[in-house]
Amino acid sequence: MTCKHPAGAACAAIILGLAAGAWAAKPAGEPWRDPNLSPDQRADLLLRHMSLDEQIALLHGHFPVLMKTLPAGVIRSAGWIPGQPGFGIPAIQESDASLGVANAGRGDTDDAAPLPSGLALAATFDPKLAFAGGAMIGREARQKGFNVMLAGGANLARDPRNGRNFEYLGEDPLLGGLMDAAAIRGLQSNHIVTTAKHYALNDQETARGSLSADIGEAAMRESDLLEFEIAIKQGRPGSVMCSYNRLNGTYACENPLLLTDVLKRDWGYKGWVMSDWGAVHSLDSVAAGLDQESGQEADRQVFFDAPLKAAVKDGKVPAARVRDMAHRVLRSLFAEGVIDHPLAPGGLDTRADSAAAGRVAEQAIVLLKNSSGVLPLAAGAGRIAVIGGHADVGVISGGGSSQVIPVGSVKFPSPKGAPSWGGGVIYHPSSPLKAIQARAKGQVAYADGSDPAAAATLAKDADVAIVFATQWATEAMDIRLQLDDQQDALIEAVAAANPHTIVVLETGGPVAMPWLDKVQGVLEAWYPGAEGGEAIARALYGEVDPSGRLPVTFPTGEDQLPRPELPGYKAAAPEGPTMTQGAPLQVHYDEGSDVGYRWFAAKGIKPLFPFGYGLSYTDFRYGGLKAAGGTGLSVSFTLTNTGARAGIETPQLYLAKGPHRSQQRLLAFARVALKPGESRQVILAADPLLLADWDAAHHRWKRDAGRYELFVGRSAEDPALQGRATLTAATMAP
Ligand code: BGC
């Protein structure tokens, strides 16, 4: 006998309560509503009342963007799963949100505040800012009617040309993992769920729906998976999204090693795994560990509805597995308060939120070059020529599902061959030109840069020339290291006309700088978001110390990379969210876990700018290193601001050599604000996993006993202080 909801709820509770012998004291009839119970207990109690159909209804979602008719109340967005009001389960309304509440084609603009790009956030090396940014997005999400966010991108920047690197957090698993964990915690502080994605090895966009990332177990555990491990264990996202690509031949969304063995068993992950949109290929994914089919309109067929039910009836999928899938969804909804705190949209204050985004942007800007003290600009710096980059309009942003389009944004046509979604290159409405004009006492003139000769003429008569160079990146397409649209030639022309040329880059990742020797200043501003123009001006005028540090290595060119030619780049067509299979492509990640600066160190190659690098308007002195070993490694040292201005330094602790081999790894970092002349003792403790290797034979992390050589410095290539410590052997369960 079963009692159907809502009328029969009390009846079912009584029957089941008698059987369980423990329900008498619970809230009348619906014991799963008791907030004193654990999320697991609540999910279990609720599931006792749910039929197979009701469970399955939680396991597949719509893609409102592709729905022929939108049911009343459903927001056009990435995802929607109908609610089950009788059980108190709200509709799940999903939005992309890596960098703000994304637009998903809700008209030309949409009231939402865009954060700077993920790479910009990572450049702050500041988990507190990541938390604040996440909290801001989560708050807006609730205010706009969303309760599950598709934020938390944590793919390692294994290739600097990955078109989605701007959504992610750089090339280092510790930095990226800690920043992602903080962002996830911030997002989920709003009684919503967020999603770590795209799990895993989705490290390039070209052929993303078909390529196989081929890599050994230890190598992936020590690199891409380590970033997820840190992000997931410390951030506890309610869901994890599996990616489009294959891993060693098997689709990520039907990969038992990734989903079940590593994520759920080794890391003890209790939330649910959702698919990327269009990434489900068969029901095999159920046994592999996928719990929910997202955006079903994007798949070849809907697998997690009638076919799943039929598979249960035929005994091919155990009913207990379906229950486990539904349990995971409900557990996260309970754990994050989605069920206990229903959405009450309203109260959006994008002005305040934009200011919060601006605070991230100004901490994210990296000063790459500053010769002859060209920066900071003096308030009365004379005539300034501002050139290019649509600096009169705003700041560029990245395209794809993460695109945020705040009110006032301006759209330019996207380049030929780019994916059609979004329909253009969006500039966020914060004009660097206007922000410079507001500060400059002298004359400021603008040339759009389309005519290098005209720009050079303008620059020639100016005291300082500032060239804005942009690089657009988008989901479903990779990028080159070269700036396009002849921007290199523009910079060369301006630099030839004016020796005091400063380049401000707004890029989705590293770019080559053939003109570097000819300019005096370079600032990397990434995609700086809602108040980007203002943040750039603040950095140019020294109202803030440029305290960003590179979260990715800038190579001199593609020949320095493990794969000088991006696999499939010429052959593959850009793929949109509805995946076609494409020709299978295998990418061998032979560099293993030597990603980014580790690769440069292992090969002894000198990049253009190393990981961790960034100048300041003041100077810092490092001294008095003491290293302590034993069962863990920590260092202390004294950091002094020796300059005349306040500044923020980001000391980084690196392993240089283990007991048996050279092996560079970031072990710890901090952000230290110092007034002029101020000294501080800094203590950095190494993350134990970064000192260990994955021991595949014994399925554990293993640290050998012996001598570990380390250094503390301002970048991966700046061993300001060197030391060593002797450590005992240790093993750690995964
Ligand atoms: C992207 C995901 C995104 C999803 C829904 C996919 O194309 O890879 O990151 O969450 O679309 O918009």
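Right, let's walk through the structure included here. (Residues numbered from 1 in each chain as written. Predicted model: local features only at pLDDT ≥ 70, side-chain atom pairs only at ≥ 80, totals over all residues. Heavy atoms only, no water.)

## Digging into the sheet that holds strand β30 (residues 721-727)
Taken in spatial order, the 4 strands make up an open sheet running β24-β23-β29-β30, and their pairing is antiparallel. In the strand order of this sheet, the two ends are held by β24 (662-669) and β30, each with one partner. Here the strands of the sheet are splayed against their neighbours by 30° on average, with no regard to which way each runs. Sheet topology note: the strand β23 (residues 652-657)/strand β29 (residues 706-713) ladder contains 5 bridges and is antiparallel. The partner of Gln652 across the bridge, within β29, is Gly713. (Pairing = 2+ DSSP bridges. Helix = DSSP H or I, 4+ residues; strand = E, 2+ residues; numbered from the N terminus. Axes fitted to C-alpha atoms, helices over the stretch in contact; angles between N-to-C directions.)

## Notes on the state of the cysteines
Counted by the stated rule, this structure contains 1 disulfide. A sulfur-sulfur distance of 2.1 Å marks the disulfide that ties Cys242 to Cys253. Between Cys242 and Cys253, the S-S dihedral sits near 105°, and the bridge is therefore right-handed. Of this pair, Cys242 sits in strand β6 (residues 239-242) while Cys253 sits in the loop between β8 (250-251) and α9 (256-266), placing them 11 residues apart in sequence. Of the residues examined, Cys253 reaches a relative accessible area of 1% and is grouped as buried. (Disulfide = S-S within 2.5 Å. Buried < 20%, exposed > 50% of the residue type's maximum accessible area, 1.4 Å probe, protein only.)

## A closer look at the site of the ligand
Residues in contact with the ligand amount to 15 residues; listed here are only the nearest, Asp96, Arg164, His198, Asp276 and Glu475. In the environment of the ligand, an oxygen atom lies 2.7 Å from a nitrogen or oxygen atom belonging to the side chain of Arg164. One nitrogen or oxygen atom from the side chain of His198 is found 2.6 Å from an oxygen atom belonging to the ligand. Across the complex, the protein chains shield 97% of the 310 Å² of accessible surface that the ligand would expose by itself. (Near = heavy atom within 4 Å. Polar contact = N/O pair within 3.5 Å; in protein donor to acceptor, adjacent residues only side chain to side chain. Areas by Shrake-Rupley, 256 points an atom, 1.4 Å probe, with all protein chains shown as cover.)

## Some details on the side chain of Asp545
Turning to its location among the elements, Asp545 is positioned in the loop between α17 (532-540) and β19 (586-588). The buried charged residue Asp545 lacks any salt bridge partner; its closest oppositely charged side chain belongs to Arg549, at an N-O distance of 5.5 Å. Separated by 2.8 Å, the side chains of Asp545 and Ser616 make a polar contact. Separated by 2.7 Å, the side chain of Asp545 and the backbone nitrogen of Tyr617 make a polar contact. Aside from chain neighbours lying at most four places away, what touches Asp545 is Ser616, Tyr617, Thr618, Ala646, Gly647 and Ile648. (Lys, Arg positive; Asp, Glu negative; His and termini not counted. Salt bridge = Lys/Arg side-chain N within 4 Å of Asp/Glu carboxyl O. Contact = heavy atoms within 4.5 Å.)

## Considerations on helix α12 (residues 319-335)
When the terminal C-alpha atoms of α12 are compared, their 24 Å separation across 17 residues agrees well with the 24 Å that a helix rising 1.5 Å per residue should span. Counting buried positions along α12 yields 12 of 17 residues, so the element is predominantly enclosed. Taken as a whole, α12 has its buried residues at Arg321, Val322, Met325, Ala326, His327, Arg328, Val329, Leu330, Arg331, Ser332, Leu333 and Phe334. Where α12 terminates, the next one or two residues include Gly337, which has phi positive at roughly 85°. (Expected span 1.5 Å × (residues − 1).)

## Description of the environment of Asp224
By secondary structure assignment, the location of Asp224 is in helix α8 (residues 224-235). For Asp224, a relative accessible area of 2% corresponds to the buried category. The spacing of Asp224 and Asp704 is 480 residues in sequence and 22 Å in space, taken between C-alpha atoms. Apart from the residues lying within four places of it in its own chain, the contact partners of Asp224 are Leu156, Arg158, Leu201 and Asp203. Within polar-contact distance, the side chain of Asp224 engages the side chain of Ser223 at 3.2 Å.

## Examining helix α13 (residues 350-364)
For α13, with 15 residues, the first-to-last C-alpha span of 21 Å sits near the 21 Å given by 1.5 Å per residue. Among the residues of α13, those classed as buried are Thr350, Asp353, Ser354, Ala356, Ala357, Gly358, Val360, Ala361, Glu362, Gln363 and Ala364. Looking at the buried positions of α13, the neighbouring elements they touch are α4 (118-123), α5 (127-144), β10 (366-370), β18 (521-524), α17 and β22 (647-649).

## Let's talk about the pattern of salt bridges
For the structure on display, the rule yields 45 salt bridges. Across the pair Arg328 and Asp324 runs a salt bridge, and its minimum N-O distance is 3.3 Å. Separated by 4 residues within a single helix, Arg328 and Asp324 lie in helix α12, roughly one turn from each other. The exposure class assigned to Arg328 is buried, which follows from its relative accessible area of 10%. Residue classification places Asp324 among the partly exposed positions, given a relative accessible area of 28%.

## A look at the sheet that holds strand β9 (residues 272-275)
Spatially, 6 strands are ordered β1-β2-β3-β4-β6-β9 in an open sheet, and the strand pairing comes out mixed. At either end of the open sheet lies a strand with only one pairing partner, and these are β1 (79-81) and β9. For this sheet, the mean inter-axis angle between neighbouring strands, taken without regard to orientation, is 25°. Where β6 and β9 come together, 4 bridges link them in parallel fashion. Following the sheet pairing, Val240 is matched in β9 by Val273. Contacts between α9 and the sheet are confined to β4 (193-199), β6 and β9, with β4 contributing the most and set at about 130° to the helix.

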